[in-house]
Amino acid sequence: MDETEELICLCVRALVAQMGDVPGVEMHLTRNAVLGLTGEPSPDFNRLTLGAGPQAEAFLVSSVARARERGLPLVVVMSPQAEATLAPVAAGLGLTVAGTSPLMVLRPGTPVTPSRPVRITRALGPDLVAIAGDLEAAAFDEPRDVLARCIDVCVTETAGVETWIAWDGDLPLSAVTVTPTGNTAGISLMATPPEHQRKGWGRALLTQVMADYRRRGVARFHLGSTEAGLRLYESVGFVTVAELSAWLLPAEGALPGRDRGGPS
């Protein structure tokens, strides 16, 4: 298995950990694919991550059918190998290309040096989890109630999803989520609200958290970047290993009015 497909498998595990405790979530998965449907009207909260494999086409077809049955929009993220064979299938199912996302990795041996001291705490307990959710809502311009239903509930001591907050005194500045799997950890939800951006707080949080995980035995980190975050991650030491294609099934591509209440 090449590095990209290996990282897709790790992304599948991370998404399961991040969505597994969402009330009413419907999940279907294989080793290299996962469908998670929260029932929210935003496609960002109904996702399919798909790697290459003999069952990939069947998984794609059944996932789109299920999203349509429930009247939900869906974001589909494919590895380059999967897209090479499944792009015509995706188009035939009514999916349209929505862009690409760099799949990035910081490999073992790449030094991680904290950029400056910053106080960080893990988000545990309702008060700190709510603070992290406030930062994410402000950074990503997402409805706070949706984040409470789909993200806050999964930030627990035993979920395998660890969220960290950077502070300036009593002021929370930035948050980041880490999902460790063995000696590799996924980075996600790097959230710094606009009023705190371009001041080095996000970099300080990310580098200190990564250095702490290195001391705990994590050798490699991976993430899916946005265009806005690409420069930060490259400067820290991440390199792009693949461009993952993102496809969208809009709500109007679904069948409205059917089974919106939860899993069958």
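Before any of the text, the structure's been laid out above.
Residues numbered from 1 in each chain as written. Predicted model: local features only at pLDDT ≥ 70, side-chain atom pairs only at ≥ 80, totals over all residues. Heavy atoms only, no water.

Description of the packing of helix 2 (residues 56–69) against helix 3 (residues 80–92)
When two helices pack together, their arrangement is given by the angle between their axes and by how far apart the axes lie. Selection rule: Here the axes come from fitting lines to C-alpha atoms, over the contacting stretch only for helices, and the angles between their N-to-C directions go from 0 to 180 degrees. Every helix listed is a DSSP run of H or I at least four residues long, and every strand listed is a run of E at least two residues long, numbered separately from the N terminus. Angular relationships are summarised with four words: roughly parallel below 35 degrees, roughly antiparallel beyond 145, roughly perpendicular across 65 to 115, and oblique for the angles in between. Here is the rule for handedness: rotate from the far helix to the near one, and if that takes an anticlockwise turn smaller than a right angle the crossing is left-handed, while a clockwise turn gives right-handed. Residue contacts are counted whenever heavy atoms from the two residues lie within 4.5 Å of one another. Each residue gets one label: Ala, Val, Leu, Ile, Met, Phe, Trp, Tyr, Cys and Pro are nonpolar, Asp, Glu, Lys and Arg are charged, and the others, such as Gly, are polar.
Taken N-terminus to C-terminus, the directions of helix 2 and helix 3 make an angle of 20°; their axes are 10 Å apart at the nearest point. Here helix 3 runs roughly parallel to helix 2, going by the angle between their axes. Like other packed secondary-structure pairs, helix 2 and helix 3 cross with a definite hand, here right-handed. Contacts between helix 2 and helix 3 pair Ala56, Glu57, Leu60 and Val61 from the former with Leu86, Val89 and Ala90 from the latter. Tallied by class, residues from the contact of helix 2 with helix 3 come to 6 nonpolar, no polar and 1 charged.

Thoughts on helix 4 (residues 126–140)
Quick reminder of the rule: How far a helix is expected to stretch is found by multiplying one less than its residue total by 1.5 Å. For each residue, the accessible area found with a 1.4 Å probe, counting protein chains only, is set against the maximum for its type, and the residue is called buried under 20%, exposed over 50%, and partly exposed in between.
If you check helix 4, its first and last C-alpha atoms are 21 Å apart, about what 15 residues at 1.5 Å a residue would give, namely 21 Å. All buried positions along helix 4 are accounted for by Val129, Ala132, Gly133, Leu135, Glu136 and Ala137. Considering only its buried residues, helix 4 is in contact with helix 5 (144–150), strand 7 (162–168), strand 8 (171–181) and strand 9 (184–191). Once helix 4 ends, the next one or two residues include Asp141, with phi positive near 55°.

Notes on the pattern of salt bridges
Which entries qualify depends on this criterion: One side-chain nitrogen of Lys or Arg within 4 Å of one carboxyl oxygen of Asp or Glu is enough to make a salt bridge.
All told, the structure shown has 11 salt bridges when counted by the stated rule. Across the pair Arg220 and Glu6 runs a salt bridge, and its minimum N-O distance is 2.8 Å. One end of the pair, Arg220, is in strand 10 (residues 220–224); the other, Glu6, is in helix 1 (residues 3–19), and 214 residues separate them in sequence. Residue classification places Arg220 among the buried residues on the basis of a relative accessible area of 11%. You can call Glu6 partly exposed: its relative accessible area is 31%. The residue Asp212 makes a salt bridge to Arg215 at a minimum N-O spacing of 2.1 Å. Remark: Arg215 and Asp212 occur in helix 6 (residues 201–215); sequence separation between them is 3 residues, near one turn of the helix. Accessibility expressed as a relative area gives 25% for Asp212, which makes it partly exposed. Through salt bridges with shared partners, a single ionic network connects Glu26, Arg66, Glu69 and Arg70.

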